[in-house]
Amino acid sequence: GDSVTQTEGLVTLTKGLPVMLNCTYQTTYSPFLFWYVQHLNEAPKLLLKSSTDNKRTEHQGFYATLHKSSSSFHLQKSSVQLSDSALYFCALRTSGGNYKPTFGKGTSLVVHP
Amino acid sequence: GALVYQYPRRTICKSGTSMRMECQAVGFQATSVAWYRQSPQKTFELIALSTVNSAIKYEQNFTQEKFPISHPNLSFSSMTVLNAYLEDRGLYLCGARTDFYEQYFGPGTRLTVL
């Protein structure tokens with residue numbers, strides 16, 4: 001079945017540094033990849049999405065490129081801010097199968113001053 | 001814009017009782033609605049997925065008998081947690097999907113079981 005693996009646990013950074021949160025996936029169908037961000041006591045919100053191979057997608061300073069050759073969709077930002085502290089989920093949907101969405105276990109990003 | 005409403009936002013029920021939560025998609029046509037439970041450890045569990053022209057599909061460990069779902073249309077869905085116990089506590093999220101595979105989440109219903 002489909003699966004998503006992402007950097008697990010806690011990532012702690014100092015403000016202004018770059019960050020990369022890893023996400024890899026497995027599916028036999030054509031993939032649609034998403035990154036969601038969930039701030040404390042809020043619902044997850046869509047941050048980025050892509051289904052196009054090797055095309056960079058950007059939003060709010062975050063960017064990711066879907067690489068089908070390596071089944072990856074890593075989330076990056078060149079300079080993290082305090083407000084980026086949140087939970088980040090990588091998710092996979094496919095164009096075939098039963099449309100079941102698959103989420104990674106989440107990565108908690110904490111940015112220090 | 002696309003919004004998903006959920007209510008109530010928080011609810012407390014006694015062990016063994018039931019509670020109903022609702023989800024409404026506004027501003028877009030939802031092609032599917034998924035109910036999730038986010039555990040205190042923050043991981044997502046998919047409870048069930050309801051897709052256009054298909055029956056509701058429950059995931060392993062979740063049953064219609066325990067989590068009956070009603071969806072008169074794909075803009076509105078309700079789910080009941082029957083005979084709630086401690087292990088049922090958590091944040092219940094409704095995710096409504098668009099034709100472009102984007103999924104919008106509601107704010108969730110936080111269930112506390114005493």
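Attention in this report is confined to the structure presented alongside it. (Residues numbered from 1 in each chain as written. Chains lettered and ligands numbered in written order. Predicted model: local features only at pLDDT ≥ 70, side-chain atom pairs only at ≥ 80, totals over all residues. Heavy atoms only, no water.)

**Overview of the overall build of chain A**
Stage number 1. Looking only at helices and strands, one finds 0 helices and 12 strands in chain A.
Stage number 2. The N-to-C order of helical and strand elements in chain A reads β-β-β-β-β-β-β-β-β-β-β-β.
Stage number 3. Taking 13 Å as the expected radius of gyration for a compact globule of 113 residues, we find that chain A reaches 14 Å, a close match to that expectation.
Stage number 4. Dimensions along the principal axes, computed over C-alpha positions, put chain A at roughly 45 × 30 × 20 Å.
Stage number 5. In chain A, buried positions account for 45% of the 113 residues.
Stage number 6. Here the analysis covers contacts within chain A between residues at least 6 apart in sequence; of these, 57% occur between residues at least 24 apart. (Helix = DSSP H or I, 4+ residues; strand = E, 2+ residues; numbered from the N terminus. Rg over C-alpha atoms; globule rule 2.2 N^0.38 Å. Buried < 20%, exposed > 50% of the residue type's maximum accessible area, 1.4 Å probe, protein only. Contact = heavy atoms within 4.5 Å.)

**Some words on the environment of Gln26(A)**
Residues and elements named next belong to chain A.
Stage number 1. Following the sequence through the fold, Gln26 ends up in strand E4 (residues 23–26).
Stage number 2. For the pair Gln26 and Asp2, spaced 24 residues apart in the sequence, the C-alpha separation amounts to 5.4 Å.
Stage number 3. In contact with Gln26, not counting residues within four places along its chain, are Gly1, Asp2, Ser3 and Leu92.

**Points about the sheet that holds strand E9 (residues 75–77) of chain A**
All names here are of chain A.
Stage number 1. Reading across the sheet, the 4 strands line up as E3-E9-E8-E7 and stay open at both edges, with antiparallel pairing between neighbours. Across the chains shown, the open sheet's two edge strands, defined by having one partner strand only, are strand E3 (19–21) and strand E7 (56–59). Strand after strand, the sheet turns through a mean of 20° between neighbouring axes, direction not considered.
Stage number 2. Relative to strand E8 (residues 62–65), E7 runs antiparallel, the two sharing 4 bridges. By the bridge assignment, Arg56 is partnered in E8 with Thr65. (Pairing = 2+ DSSP bridges. Axes fitted to C-alpha atoms, helices over the stretch in contact; angles between N-to-C directions.)

**Some remarks on the pattern of salt bridges**
Stage number 1. In the structure shown here, the tally under the stated rule is 6 salt bridges over all chains.
Stage number 2. Glu58(A) is the partner of Arg56(A) in a salt bridge, and the nearest nitrogen-oxygen pair spans 3.0 Å.
Stage number 3. On the accessibility criterion, Glu58(A) (52% relative accessible area) is exposed.
Stage number 4. Among the ionic pairs, Glu22(B) bridges to Arg20(B), the shortest N-O distance being 2.5 Å.
Stage number 5. Residue class for Arg20(B) comes out partly exposed when judged on its relative accessible area of 43%.
Stage number 6. Salt bridges sharing partners connect three or more residues here, namely Arg37(B), Glu45(B), Lys66(B) and Asp88(B). (Salt bridge = Lys/Arg side-chain N within 4 Å of Asp/Glu carboxyl O.)

**Remarks on the interface of chain B and chain A**
Stage number 1. Each side of the interface is counted separately: chain B has 18 residues, and chain A has 19 residues.
Stage number 2. At the junction of chain B with chain A, the criterion picks out 0 salt bridges.
Stage number 3. Where chain B packs against chain A, one counts 1 residue pair in polar contact (both at pLDDT 80 or more).
Stage number 4. Of all the secondary-structure elements, those providing two or more residues to the side of chain B that touches chain A are strand E4 (32–38), strand E5 (44–51), strand E9 (90–97) and strand E10 (103–105) of chain B.
Stage number 5. Considering only residue class, the side of chain B that touches chain A consists of 9 nonpolar, 4 polar and 5 charged. (Polar contact = N/O pair within 3.5 Å; in protein donor to acceptor, adjacent residues only side chain to side chain. Nonpolar A, V, L, I, M, F, W, Y, C, P; charged D, E, K, R; others polar.)

**Some thoughts on the packing of aromatic side chains**
Stage number 1. Scanning the entire structure with this criterion turns up 10 aromatic pairs over all chains.
Stage number 2. Relative to Tyr88(A), the ring of Phe62(A) has its centre 5.6 Å away and its plane inclined at 45°; by these criteria the two rings are tilted. Placement of Phe62(A) in strand E8 and of Tyr88(A) in strand E10 (residues 86–94) is noted, with a sequence separation of 26 residues between them.
Stage number 3. Here the aromatic rings of Tyr36(B) and Phe105(B) are separated by 5.6 Å at their centres, their planes lie at 50°, and the arrangement is tilted. A residue pair is termed long-range when its members are at least 10 positions apart, and Tyr36(B) in strand E4 and Phe105(B) in strand E10 qualify at 69 residues.
Stage number 4. The class for Phe105(B) is buried, based on a relative accessible area of 9%.
Stage number 5. Among the aromatic side chains, those forming a connected cluster through ring pairs are Phe34(A), Tyr36(A), Phe89(A), Phe103(A), Tyr36(B) and Phe105(B).
Stage number 6. The cationic tip of Arg56(A) hangs over the ring face of Tyr63(A); the distance from NZ or CZ to the ring centre is 3.7 Å. (Phe/Tyr/Trp six-rings, centres within 6.5 Å; stacked < 30°, edge-to-face > 60°. Lys NZ or Arg CZ within 6 Å of the ring centre and 35° of its normal.)

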